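Here are the chains, one letter per residue:
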Amino acid sequence: MTELGLRLAISLTQIGAIMGIVIVTVLLLTLAERKVLGWMQDRMGPMEVGPYGILQPFADAIKLFFKEDIIPAGANKLLFTMAPIICLIPAFIGFAVIPWGPNWTFEIGGITVKPFVISDINIGILYILAFASLGAYGIIIGGWASNSKYSLLGGLRSAAQIISYELNVGLSIIGVVILAGSLSLVTITDAQQGWFWNWYLFAFPAPQIFAFGVYVISAVAETNRVPFDLPEAESELVAGFFTEYSGLRFAFFFLAEYANMVLVSCVAAALFLGGWNAPYPGTILELLGLPSLAWIENTMWFAVKTYSFLFLFFWLRATLPRLRYDQLMRFGWKVLLPIALANIVVTSIAVFVTQ
Amino acid sequence: MASTSSTKHLSFSQWFKTITFYELLVGMKATLSHLLNYRPITLQYPHEKRTLPDNYRGMLALLRYDDGTEKCVGCDLCEAACPSRVIRVVSAEVPGEPTKRYSKEYYMDMTRCLFCGMCVDACPVDALGMTREFEWAVFDKRQLHLNKQQLLAIGDRSFPIREKRLELQHPNVAFFNVAFKHVPPKPN
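None of the values given here were measured: they were computed from a predicted structure.

Visitor: Where do I start with the overall build of chain A in this structure?
Guide: Within chain A, the regular secondary structure consists of 11 helices and 2 strands. When its helices and strands are written in sequence order, chain A yields α-α-α-β-β-α-α-α-α-α-α-α-α. Taking the principal axes of the C-alpha coordinates as reference, chain A spans close to 60 × 50 × 50 Å. Relative to its 355 residues, chain A shows a buried fraction of 45%. Put simply, 77% of the contacts in chain A that link residues at least 6 apart link residues at least 24 apart.

Visitor: Please clarify how the overall build of chain B should be interpreted in this entry.
Guide: Scanning chain B from terminus to terminus reveals 7 helices and 5 strands. Ordered by position in the sequence, the α and β elements of chain B form the string α-α-α-β-α-β-β-α-β-β-α-α. Counting all 188 residues of chain B, 15% fall into the buried class.

Visitor: What exactly am I supposed to notice about unusual backbone geometry here?
Guide: Of all residues except glycine, most have a negative phi; of all peptide bonds, most are trans. Of note in this structure, A:Tyr52 is not a glycine but carries a positive phi near 55°. Along the chain, A:Tyr52 turns up in the loop between helix H1 (2-40) and helix H2 (56-66). Not every positive phi belongs to a glycine, and B:Arg85 is a case in point at roughly 55°. Checked against the element boundaries, B:Arg85 lands in the loop between helix H4 (77-81) and strand E2 (87-94).

Visitor: Sorry if this is basic, but what is going on with the interface of chain B and chain A here?
Guide: You'll often see interface size given as the accessible area lost when the parts meet. Opposite the 13 residues of chain B that make contact, chain A presents 10 residues. Tallied by class, the residues present in the side of chain B that touches chain A amount to 7 nonpolar, 5 polar and 1 charged.

Visitor: What is the right way to look at the nonpolar core in this model?
Guide: Note on soluble globular proteins: their nonpolar side chains tend to be buried together. A:Tyr215, A:Ala259 and A:Ala268 are the most contacted members of the largest nonpolar core, which has 97 residues in total. With 17 residues, helix H8 (residues 247-272) of chain A is the single largest residue contributor to this core. Sequence-distant contacts of A:Ala259, defined by excluding residues within four places in its chain, comprise A:Val22, A:Val26, A:Ala91 and A:Phe92. Core analysis: the second largest hydrophobic core is formed by 23 residues, B:Met59, B:Leu62, B:Cys113 and B:Leu146 among them.

Visitor: Would you mind showing me how to read the packing of helix H10 (residues 294-319) of chain A against helix H3 (residues 22-36) of chain B here?
Guide: Two quantities define a packed helix pair, namely the angle between the helix axes and the distance between the axes. Orientation of H10(A) relative to H3(B), taken along the N-to-C sense of each, is 105°, at an axis distance of 9 Å. Classified by the angle between their axes, H10(A) and H3(B) sit roughly perpendicular to one another. Contacts between H10(A) and H3(B) involve A:Trp315, A:Ala318 and A:Thr319 from the former and B:Gly27, B:Met28, B:Thr31 and B:Leu32 from the latter. Broken down by class, the residue content of the contact of H10(A) with H3(B) amounts to 4 nonpolar, 3 polar and no charged.

Parameters and conventions
- Residues numbered from 1 in each chain as written.
- Chains lettered and ligands numbered in written order.
- Predicted model: local features only at pLDDT ≥ 70, side-chain atom pairs only at ≥ 80, totals over all residues.
- Helix = DSSP H or I, 4+ residues; strand = E, 2+ residues; numbered from the N terminus.
- Buried ≥ 20, exposed ≤ 12 C-beta atoms within 10 Å, placed from the backbone.
- Contact = placed C-beta atoms within 7 Å.
- Nonpolar A, V, L, I, M, F, W, Y, C, P; charged D, E, K, R; others polar.
- Core = buried A, V, L, I, M, F, W, Y, C linked by C-beta atoms within 7 Å.
- Axes fitted to C-alpha atoms, helices over the stretch in contact; angles between N-to-C directions.
- Parallel < 35°, antiparallel > 145°, perpendicular 65-115°, else oblique.

This is the structure in structure tokens:
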């Protein structure tokens, strides 16, 4: 009983810490996105709340929290209420298997604890992919339950888009899985230690550059970001699947989108860019005689990689116009899918030959 | 549609540009260069305001001479010149001075005004002026229906330097609508 209680306490602490970090990151992202977009378009971004607008996320949060919560007259109340939750939970639950720092273990009361990963399950990637697909249901249900043509169109587009691009994400990851021989994110990250050419982006038998490209493009599509933001295309569908949502429910969708962005960036960093590994072997802090603080350097490297991905999301949004629906489908099935499949074949042959 | 695009002959460089997303990279380079050479063209409007051009046409106002008398002679030319029918003038004789007229009432419906400045051009005595005021957002549309006192007040706060009366500016010129104090009145 005490062991169970201890396990629970440790897990809840980790979950709380990581949820906190993710939510702070999301708050930061909402501001960073508007600022970066503004700077790229010769504007200033939000400037009113606090010095240089840095308190804008809090103003937004307060506004969304106190806004009237409207349920449209013809809406399916149960599904309408559930959709944002269905969207939000998978976005957050994926962080359970992301390794944020070195694969250390220590013992508390006879229990082995890994401080930098909530749960090192051996099918980590499958778990993330499965929940990412579940998140699509939130969008589809939300679009259907709103009883609005714009929401329905957004939801349907989302369904088609996620079916097409989920496949490419899965297939582009398989190359890495073949190289690492494991589905656990912790094992995959550990296998990329050493210099940066050990990262699976450049790794020896079969560099996963093409897989990385496919993954990045598909990840942008999967998180419904520009240029693949067809489900919420504001110039065509008002706001797409969340047209009818307001207040806190809208905030949930918003939070889910940004949490998905962070999750996708974390997965990309862990799979292709060596996760928490520095581009050089070991850590500088270890060389300076502070091996117990080496985790700070490692987590910082992870943060740097993740945030550069998030910057890429903003950068794409500032640059690219939205794709047309048929272009999106054609690109997914006729370009990305063959590349991903060819990458699997090439990687398999390369790994087989070199072993 | 797909067949036509696939049969089209592509040169190697075109093909290479297509597969490397060359155009996208050009666009992303442009946005990144704007990020790195960050020069915002935005003004933080309520805190800082842009300099208005010299010929800025803002809120209309009625003007006075330096002795405080109104310039307007009630000729209705502004009303005739206005394309949006903003102005309504009720003209009347100055009591006790049959040769002299003034505007008894003067209304402007600023909700309709398009700030063309034709009334100002039309005025023979320069009684109308365009100020540099532009922050005239109101909560009630009827607050934009201005009467003579309000228009004179706008003129007072926007044009602190006033002209002399015309007959004092040009002592040798005869003016319509000006009382000739040095000429004895005609016997009736």
